[in-house]
Amino acid sequence: VRRHELTRHLVIGASLIGLVTLLLIQGFTTKTVGAEAGTSVTGSGPLARLPAVLAYRRGKLVPIRNPASRGMIALTFDDGPSPLYTLRIARILLAAHAPATFFEVGSMIVRWPEITRQLRRDGFELGNHTFTHADLAALPSWASAAQISATDSAIAGVTGIRPRLVRPPYASTTSAVSASEARALGLICRRGYDLVFSNYDTEDWTQPGVASIVRNAVPPRGHGGIVLMHDAGGPRGQTVRALPLIIRKLRARGFRLVDLSTYMGVPRSTIEIPASHWQQLRGALLVWVLRVVNFIVSALTLLVEGVTVIVGLRMAAGLGLALIQRRRLRDTTHDPSFAPAVSIVVPAYNEAVGIADCVRSLASSSYRGEFEVIVVDDGSADETAAIVEGLGLEPVRLLRQANAGKAAALNGALAASRYELVVTVDADTVFEPDTLSCLVQRFRDPKVGVISGNTKIGNRGSLVGRWQHIEYVMGFNLDRRAYELLGATPTVPGAIGAFRRVALADIGGVSGATLAEDTDVTLELARAGWAVVYEPRARAWTEAPGNLRALHRQRTRWAYGTIQSAWKHRAALWGRGEHAFGRRAVAVLLAFQIALPLAAPLIDLFAIYSIVFLDPMPILAFWLAFNLFQLTLAWIAFGLDGESRRPLWALPLQQLAWRQITYFVVLDGIILALSGRQIGWRHLERAGGVVAADAPVS
Amino acid sequence: VWRVAELERPIFADPSGRRARLMSAVGLSMMMTTVAAIVIVVTGAIGFSDLQPPLRVTHALAQTIHRPGWEAVVLERERPTGPRAIAVRLAPDTTARSGDRG
């Protein structure tokens, strides 16, 4: 069993690592971290006097000059490919029989590989403009090498060639290169690349107007050179409109339009080296992996946005509905004369530590009506049965059975019970004297078949106990109130629930098919059309797991049982003739106890992703607002429950920790369900000592 | 009539273990795919040739190989990113005296 548990946890861990890896790959291949444009220099840089094309020879950057280039103009376009502009520009160039060179960004090639392929087919030269349009001087040498290599691979994968020409972003001319940039560019050149700057920067990225772009692109007669334009990275409509005019004017001034290899006076094959089969395969794989990663991350982003909206709406709606339920409940009077006979059922397995307190609290109830307490010892190996017998309390009966599980124990007690109302209580739970009378009050409405009491954490001294205290107070005082109004309560807790015997008989008693018999029975009753309501004044104090390990064991059982119950009652969602109560309850269970916890790690990971790769301020502001909203809800919930708000200091950490625990156990439960393995009841070690505290409930 | 809860078959139970084996295979494949994707991206971005040690390191390593009558020769090939060592091979040491060869 432990080996299987370890395997499941390994799979969950690997899935998380996979998710983190996806985000890292996507982040690093589409966003540039800490490498935006640095300070630019004008006119005084170390390369200021050099021409626009440089290579690395014998340990230093040297110019490549072609005496025949004086009458030539090489048109170049940066930042593409772009689905909006690149092919429009290419069509204009082709129509005018004007060659040109496109310096492409790797991450854009990954998104639009067919455009790069088309450019190659149309005879245009291709160059390398880094993978994420990064300022190479601002990156460590390994990262700038990776920027160039990855773009190289992407172009090789898409076109079968490896361009040797690199144009560094943010440095349009050699005079704009700072000393640190020159060092970084030297390292790139040492790897066999030639650097291409420009002589005439059209500054089209500033959208200065068509006339200005044309003016910048057309030099005086006899001053040939390299013209820089952009086919992506922003609105490029002006560039597209200016291009035919530029071509016409350049030719009118006697310039010959050439590609860069002609301008440099070298064979084209030396600046576009054929890639080997392996390099092409590697490049194609890189492009496809990144495309898949981009698709997955886009889908996850949509999911996270949807989930965020749902969570926000749920919180706001839950609060509104809870306040309405409280007002309605206040209006209903407590009728002490309503005291029908009640059978209290306590299933117990190895509960020696707390059974005496539980049974004593039940037997000493101030309830005016007749009641009996039936304790079912489910084959305990400890002194549970002896302790109950030893108490010698008058309304208490003890039933013994061979160990058969909680559902069987409950059914045994139901068969032996005498009265029309049945209250189920966990053996680690303690009632207040008036709990019973408060609990049954709402049975005055004949449509009500099930009543949930208000479960309180009795051992809240530890941090884990405090977290559960916060969870219970918020869950019972906001969610349950809202669910009652919606007619969508998915679970009446095992610790305190009241049932009409006839309702339970309708469904044949409690099923043993799931590990969450309380959820299972609630859904079954809701599907049968019985109204499920919540009575906050009926309080039961229960013992919660005292450490993370015990909590994990309990929550894994709950999560698995919840998934079993949702699956068992799935037909409620679409079946004909299903009652609306059941339909809504199953929908709530699926949405908020299974689907939402699964999205929790996505939200946290995307928050970290946004902080690292995007502008961190909006996400930090959102996180702060979310926590403040959550704190407001908790503040109100504690007020509704008459609880001290002092434990709320633990709320931010609780929110973070709870998300991790809930998604982990739900994921664990799903893997268990898919693999068909079963887990046992996972009985918790009890510490005992639960006492009923005194707090008014509004 | 109350049902016999202990006789009900637990939801999702698969005593044959067939689904568990299938899940293991699926989990393993998912992990392998993730690892493969990481390898492809890393090697695609950095390139295998860059993972090879620089020439001077390879030459230094080759000089540590001592076998009488033989010498370690570093085979180089010109790559777009500069010359790279592709292998170190033992060749007869033509400068050795006769009888040195082992």
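Procedures and definitions
- Residues numbered from 1 in each chain as written.
- Chains lettered and ligands numbered in written order.
- Predicted model: local features only at pLDDT ≥ 70, side-chain atom pairs only at ≥ 80, totals over all residues.
- Heavy atoms only, no water.
- Contact = heavy atoms within 4.5 Å.
- Buried area = accessible area lost by both parts, 1.4 Å probe.
- Salt bridge = Lys/Arg side-chain N within 4 Å of Asp/Glu carboxyl O.
- Polar contact = N/O pair within 3.5 Å; in protein donor to acceptor, adjacent residues only side chain to side chain.
- Helix = DSSP H or I, 4+ residues; strand = E, 2+ residues; numbered from the N terminus.
- Nonpolar A, V, L, I, M, F, W, Y, C, P; charged D, E, K, R; others polar.
- Buried < 20%, exposed > 50% of the residue type's maximum accessible area, 1.4 Å probe, protein only.
- Pairing = 2+ DSSP bridges.
- Axes fitted to C-alpha atoms, helices over the stretch in contact; angles between N-to-C directions.
- Expected span 1.5 Å × (residues − 1).
- Patch = residues over 30% accessible without salt bridge, like charges linked within 9 Å, V, L, I, M, F, W, Y side chains within 5 Å.
- Areas by Shrake-Rupley, 256 points an atom, 1.4 Å probe, with all protein chains shown as cover.
- Lys, Arg positive; Asp, Glu negative; His and termini not counted.
- Charge placed at Lys NZ, Arg CZ, Asp CG, Glu CD.
- Phe/Tyr/Trp six-rings, centres within 6.5 Å; stacked < 30°, edge-to-face > 60°.
- Lys NZ or Arg CZ within 6 Å of the ring centre and 35° of its normal.
- pLDDT = per-residue confidence, 0-100.
- Parallel < 35°, antiparallel > 145°, perpendicular 65-115°, else oblique.
- Core = buried A, V, L, I, M, F, W, Y, C linked by side-chain atoms within 4.5 Å.

(A) Summary view of the interface of chain B and chain A. Across the boundary between the two partners, chain B contributes 31 residues, which contact 50 residues of chain A. Taking both sides of the interface into account, the surface hidden between chain B and chain A amounts to around 3300 Å²; carbon and sulfur atoms contribute 67%. The three residues of chain B that bury the most area against chain A are B:Trp2, B:Arg3 and B:Phe12, which together make up 25% of that side's buried surface. Counting across the interface, chain B meets chain A through one salt bridge. For A:Glu524, the salt bridge identified is with B:Arg3, shortest N-O distance 3.1 Å. Counting across the chain B and chain A interface gives 13 residue pairs in polar contact (both at pLDDT 80 or more). The set of elements that each furnish at least two residues to the side of chain B that touches chain A consists of α1 (18-46) and α2 (48-51) of chain B. Taken together, the residues of the side of chain B that touches chain A break down into 18 nonpolar, six polar and seven charged.

(B) Spatial organisation of the pairing of strand β5 (residues 125-128) of chain A. All names here are of chain A. Residue alternation in β5 divides its side chains into two sets, Glu 125 and Gly 127 and Leu 126 and Asn 128, and both sets are buried. Bridge analysis of strand β4 (residues 101-104) against β5 gives four bridges, and the strand direction is parallel. Within β5, the residue paired with Glu 104 across the bridge is Asn 128.

(C) Geometry of the sheet that holds strand β17 (residues 429-431) of chain A. Residues and elements named next belong to chain A. Taking strand neighbours across the sheet as the criterion, the eight strands line up as β15-β14-β13-β16-β19-β18-β20-β17 in an open arrangement whose pairing is mixed. Strand pairing shows two members of the sheet lacking a second neighbour, β15 (396-401) and β17, which therefore form its edges. Shown here is a sheet whose adjacent strand axes are inclined to one another by a mean of 30°, direction ignored.

(D) Geometry of helix α19 (residues 548-568) of chain A. End to end, α19(A) covers 29 Å across 21 residues, agreeing with the expected 30 Å (1.5 Å per residue, within 8%). Where α19(A) begins, one side-chain oxygen reaches toward the backbone nitrogen of A:Arg549, 3.2 Å away; that side chain belongs to A:Asn547.

(E) Spatial organisation of a nonpolar patch on the surface. Residues and elements named next belong to chain A. Together, Ile 608, Ile 611, Val 612, Met 617 and Leu 620 make up an exposed nonpolar region whose accessible area comes to about 450 Å². The set of elements that each furnish at least two residues to the nonpolar patch consists of α21 (580-613) and α22 (616-640). Here the nonpolar patch gets three residues from one element, more than from any other, and that element is α21. Structurally, Val 612 can be placed in helix α21.

(F) Broad picture of the pattern of salt bridges. Per the stated rule, a full pass over the model turns up 28 salt bridges over all chains. We note a salt bridge from A:Arg400 to A:Glu389, for which the minimum N-O separation is 3.0 Å. Placement of A:Arg400 in strand β15 and of A:Glu389 in helix α13 (residues 384-391) is noted, with a sequence separation of 11 residues between them. Of the charged contacts, one joins A:Glu471 and A:Arg555 as a salt bridge, the two residues approaching to 2.8 Å between their closest N and O atoms. In this pair, A:Glu471 is assigned in helix α16 (residues 463-486) and A:Arg555 in helix α19, connecting sequence segments 84 residues apart. Each of A:Asp520, A:Glu524, A:Lys568, B:Arg3 and B:Glu8 takes part in salt bridges that share partners, so that together they form one network.

(G) Molecular detail of the side chain of A:Thr435. Residues and elements named next belong to chain A. Relative to the helices and strands, Thr 435 is located in helix α15 (residues 435-440). From its side chain, Thr 435 meets the backbone oxygen of Arg 539 in a polar contact 2.7 Å long. Not counting the four nearest positions on each side in its chain, Thr 435 is found in contact with Ile 496, Ala 538 and Arg 539.

(H) Here's a closer look at a positive patch on the surface. Side chains of A:Arg215, A:Arg221, A:Lys249 and A:Arg253 sit close together on the surface and give a patch of like positive charge. With respect to the helices, strands and loops of the structure, A:Arg221 is situated in the loop between α7 (210-217) and β10 (225-230).

(I) Highlighting the packing of aromatic side chains. Considering all chains together, one arrives at 11 aromatic pairs over all chains under this definition. Look at A:Phe77 and A:Phe102: their rings are 5.2 Å apart centre to centre, the planes differ by 20°, and that puts the pair in the stacked class. In this pair, A:Phe77 sits in strand β3 (residues 72-80) while A:Phe102 sits in strand β4, placing the two residues 25 residues apart along the sequence. A residue is classified by how much of its surface remains accessible, and A:Phe102, at 1% relative accessible area, is buried. With a centroid separation of 6.2 Å and 45° between ring planes, the pair formed by A:Tyr560 and B:Phe12 is classed as tilted. Of the two residues, A:Tyr560 is situated in helix α19 and B:Phe12 in the segment before α1; the pairing between them involves two chains. The class for A:Tyr560 is buried, based on a relative accessible area of 0%. Through a chain of ring-to-ring contacts, three or more aromatic side chains come together here, namely A:Phe77, A:Phe102 and A:Phe124. Positioned over the ring face of A:Trp541 is A:Lys456, at 5.9 Å from the centre of the ring.

(J) A look at the confidence of the model for chain A. Across chain A, the average pLDDT comes to 90, with 96% of residues at or above 70. Across residues 34-38 of chain A, confidence stays below pLDDT 50; counting only partners more than four residues off in sequence or on other chains, it has 11 contacts.

(K) Geometry of the packing of helix α5 (residues 141-159) of chain A against helix α11 (residues 277-331) of chain A. Residues and elements named next belong to chain A. Put simply, α5 and α11 touch, their axes get as near as 7 Å, and they point 105° apart. With respect to α11, the axis of α5 lies roughly perpendicular. Residues Ala 150, Ser 153, Ala 154, Ala 156, Gly 157 and Val 158 of α5 touch α11, and the partners they reach there are Gln 279, Gln 280, Arg 282, Gly 283, Ala 284, Leu 286 and Val 287.

(L) Local environment of the nonpolar core. Residues and elements named next belong to chain A. In terms of nonpolar packing, the biggest core is built from 56 residues, with Leu 75, Phe 77, Leu 93, Phe 102, Leu 243 and Ile 246 touching the most fellow members. Take this core: its biggest share by element is eight residues, from α11. Val 425, Phe 431, Cys 438 and Ile 451 belong to the second largest nonpolar core, which has 33 residues in total.

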